[in-house]
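Here is what each chain is made of, one letter per residue.
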Amino acid sequence: MGSILGNRVLRVEDPRLLTVGGMYVEDVEIADALFLTYVRSPVAHAMIGAIETADAQAVPGVVAIFTGADVAAGIGRAGHVNPLFHDAMRRPFVAAERVHYVGQPVVAIVSESRAVGMDAADLVYLDYDLLPVVVDPEESRRDEVLLHPGAGTNVVHRVSTSSPADFGDCEVVVEARIVNQRLTAAPIETRSGAAYWTDDGRLVHYAACQGPHLTRDSLAAAYGLEKSQVRVITPDVGGGFGAKSRTYPEELALGFYARSVGRPVRWTETRSENMMAMPHGRSQVQHARIGGTRDGHVTAYQLDVVQDAGAFPLTGAILHTMTMRMATGCYHIPNVGFSGESVVTNTSSITAYRGAGRPEAAVAIERMIDLFATEIGMDPAEVRRRNLVPKFLEPYTTGIGTAYDVGDYPEALERVLTAAGYDELRAEQSRRRADGERVELGIGIAVYVEVTAGGPQTEFGAVEVGDDGRLTVRSGSTPFGQGHDTTWAMIVADRTGVPMEHITVIHGDTDEVRSGGLTVGSRSVQMGGSAIATATDALIEQARDRAAGLLEAAVDDIVLDVASGRFHVAGTPARDLGWADLGANGDHPLAADTDFASNGGTFPFGAHVAVVEVDTETGDARLIRHIAVDDAGTLINPLLAEGQVHGGIAQGVAQALLEQIHYEPDGQPKTTNFADYLVVSAAELPSFEVSHMETPTWMNPLGAKGVGESGTIGAIPSVYNAVIDAVSARGVRHMETPLTPERIWRALDGAG
Ligand code: MCN
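All figures in this text were calculated on a predicted structure; none of them were measured in a lab.

Draft legend 1. Up close: the overall build of the protein. When its secondary structure is counted, the protein shows 20 helices and 28 strands. The C-alpha atoms of the protein give a radius of gyration of 27 Å, which matches the 27 Å a tight globule of 752 residues would have. Across its three principal directions, the C-alpha atoms of the protein cover 85 × 75 × 50 Å. Buried residues in the protein amount to 60% of all 752 residues. Across the protein, the fraction of contacts at a sequence separation of at least 24, relative to all contacts at a separation of at least 6, is 80%.

Below, the structure is given as structure tokens:
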């Protein structure tokens, strides 16, 4: 058997998912379970007055009703994502005195059926004493209306460089305001959870999340339990896109309701609840300034951002720190400044969403490079060529102080331009313009770099041999669509010679897997994959040791023939032992585990070209081609990596052209269903033209970087630039996303 790594192996997950279907939290049978329904605030900012629950309580089938005060008396307030955030900004499990956004839970109803709970919810009456509402983050930072008076300010977190960039020597300076609008993750499976207590006092909690161990830790903290007294099970998860990286107060409180009523309690939100109240993504306002010489050299860059955190700070409140890290993208810009702060607003909280702070950085720098190019009248590809960091295989430290591991941005750019047929596209654009055609062609370029598994961290992996020679792999990383079962089996098969079908992968259960991190930041292959690779190598050492004993040879002479998956003494392959021989013969199981540690992230990169057609009479923009060259280091499975890039591009196109969560000034969300929120679908997308470069990182034994978010990071700015490029000859310089027909039409109209 040759190396299986790098092969386009079909996903082992799919036969089950496509035939009998997955097992999601909602599918888990739990005897005697009751249903939870939340009454949610219809107003964005108010003091809660009288709460009347008698009519609801009288509905047959209603078992118990809890107010915020009841829940707070039982389990206090939810913990913070970051200890730096002010204590007064911690979220109550259920609002007790004050509501901070439309959709915040105010009363919890536990009932025999879901229908009963929904009927009863309509019969709960609350008085609200309205307060002024702030939905605009730039308004919030003025602190005229304080959302959490105990904190004394709406600002959650601030970061900046020691001094701003100096534009004194620049021949040209260009400025722009860029808004990364609020989006929702819209996973197919909405949030879902279930909890019950065992007779010996353990809490069992089913969570549709991106990593059960953090949920276990949050539950242990909330209920004052040892971690070992909590079991969290994450079965199949129907997408998360970052928004399920945390298990939210709505779900964490399930154990409280279950304990109070003495029966299991389960909850699955409706689609509208999900769109209204599951934390959103992005919502970052940027003011960018770029300067340089007329011959195309960028010398200074300043990026100032206001990050909307929503009502209660979660991961969203630190997204600007990721934007800062990646501010200069792929460019050598020595003179750079950044300031960023996050603020609370009367909206649903902001959390991680595919890319989480890095797409925002890429959008800013890539838009500004295009604006700079337009200003000096140079082709945007040429401006990029003049400013890209040259190829490096040893760390390169950017002007902002981030050390990138390896990169070859010029090569990525040239490859994507060639694949796109850039010169021909420009010729076609000119032809249409010369002929005065109504439908303009737009060509948008983005060269991006991002960071995956940033910061010091560990991940758990374990491998064990059964008596039958089959292997069981345990991973601390929990998938929700990425195909980890396939990926981990490939890594282990490649090293051991055991066929993939004899390898079972276990994840998503804190009783089965000792520890684990989150599947976020495209960290799993480099962290979880490296943990499994390292554990497998340790297992092979143990196996060689056992083989040496059984073959009465020195351990140094024992070799594993990976092609056959058998061990023998070097030079005498006739007498050999397989994994089953070793698994079955010994006084202890052959098993190895690791907590793979890394000091910092890897920096995947790539270049995208988007080609759009814009109808200048209707403002309709269509993506007609999307060409991507992505480098995630060594690829374990190019087929799965491409799947990730495809999904990522779709979400990036959606941000550029379609999707937006919209709030009215009074805090009413206007996009709480799929009729009002335009989730991108295959109908809006062309077939993507995707290819790879593989520049291995030295940061882990696999040479792998992450790929789960790169499609999004490359797609947003390239599509954004393409649409502006299409209409630039008609006097449009800049627009805000999403580039809807109305916006484009108005911009064209305004430009005359
Ligand atoms: N891969 C590879 N070689 C590499 C890197 C990755 O072959 N060098 C392949 C592997 O097959 C791996 C997959 O790509 O299983 C993704 O690996 P990785 O880049 O490590 O990303 P993670 O597994 O950590 O996934 C997280 C990432 C994130 S952060 C979001 S958001 C996201 C995404 O994955 N959300 C998704 N992909 C998603 N896919 C689906 N279907 N649903 C989501 O919600």
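Draft legend 2. The pairing of strand 3 (residues 62–67), seen in detail. Buried residues dominate strand 3, accounting for five of its six residues. Direction of pairing for strand 3 relative to strand 5 (residues 105–111): antiparallel, over a ladder of five bridges. Of the residues in strand 5, the one forming a bridge with Ile-65 is Ile-109.

Draft legend 3. Just the nonpolar core, in detail. One finds Tyr-301 and Tyr-409 to be the most contacted residues of the largest nonpolar core, which totals 91 residues. It is helix 11 (residues 358–376) that contributes the most residues to this core, 10 residues altogether. With 37 residues, the next largest nonpolar core counts Ile-491, Ala-493, Ala-543 and Ile-558 among its residues.

Draft legend 4. Here's a closer look at the sheet that holds strand 27 (residues 621–631). Taken in spatial order, the four strands make up an open sheet running 18-26-27-28, and their pairing is mixed. One side of each edge strand has no neighbouring strand; the edge strands of this open sheet are strand 18 (439–449) and strand 28 (688–693). Strand-to-strand twist of the sheet, defined as the mean angle between neighbouring strand axes without regard to direction, takes the value 15°.

Draft legend 5. Focus on the sheet that holds strand 5. Strand order in the open sheet formed by seven strands is 3-5-1-12-9-10-11, and the pairing between neighbours is mixed. Single-partner strands in this sheet number two, and they are strand 3 and strand 11 (230–233). Averaged over all pairs of adjacent strands, the angle between strand axes in this sheet comes to 20°, irrespective of strand direction. In the packing of helix 3 (residues 68–75) onto the sheet, contacts are made with strand 3 and strand 5, and the angle to strand 3 comes to roughly 80°. Where helix 6 (residues 212–223) meets the sheet, it contacts strand 9 (192–197), strand 10 (203–207) and strand 11, and its direction lies at approximately 145° from that of strand 11.

Draft legend 6. Structural context of the packing of helix 14 (residues 422–434) against helix 19 (residues 710–728). Contact geometry of helix 14 with helix 19 gives a least axis separation of 11 Å together with a crossing angle of 35°. Only Asp-725, Ala-726 and Ser-728 of helix 19 make contact with helix 14, whose side of the interface consists of Arg-426, Gln-429 and Arg-433. Taken together, the residues of the contact of helix 14 with helix 19 break down into one nonpolar, two polar and three charged.

Draft legend 7. Layout of the environment of Val-645. Within the secondary structure layout, Val-645 lies in helix 18 (residues 638–657). C-alpha of Val-645 to C-alpha of Phe-688: the two residues are 43 residues apart in sequence and 9.3 Å apart in space. If we skip the residues at most four places from it in the chain, Val-645 touches Asp-630, Val-690, Val-707, Ser-710 and Gly-711.

Draft legend 8. Main features of the packing of aromatic side chains. Inspection of the entire model under this criterion finds 13 aromatic pairs. Their ring planes at 65° and their centres at 5.4 Å tell us that Phe-66 and Phe-256 sit as a pair that is edge-to-face. Taken together, the residues Phe-66 in strand 3 and Phe-256 in helix 8 (residues 254–261) connect sequence positions 190 residues apart. Phe-256 shares its class with Phe-66; the two are buried. Look at Phe-567 and Trp-579: their rings are 5.1 Å apart centre to centre, the planes differ by 75°, and that puts the pair in the edge-to-face class. Placement of Phe-567 in strand 23 (residues 566–569) and of Trp-579 in helix 17 (residues 579–584) is noted, with a sequence separation of 12 residues between them. For Trp-579, a relative accessible area of 4% puts it in the buried group.

The rules behind the values
- Residues numbered from 1 in each chain as written.
- Predicted model: local features only at pLDDT ≥ 70, side-chain atom pairs only at ≥ 80, totals over all residues.
- Heavy atoms only, no water.
- Helix = DSSP H or I, 4+ residues; strand = E, 2+ residues; numbered from the N terminus.
- Rg over C-alpha atoms; globule rule 2.2 N^0.38 Å.
- Buried < 20%, exposed > 50% of the residue type's maximum accessible area, 1.4 Å probe, protein only.
- Contact = heavy atoms within 4.5 Å.
- Pairing = 2+ DSSP bridges.
- Core = buried A, V, L, I, M, F, W, Y, C linked by side-chain atoms within 4.5 Å.
- Axes fitted to C-alpha atoms, helices over the stretch in contact; angles between N-to-C directions.
- Nonpolar A, V, L, I, M, F, W, Y, C, P; charged D, E, K, R; others polar.
- Phe/Tyr/Trp six-rings, centres within 6.5 Å; stacked < 30°, edge-to-face > 60°.

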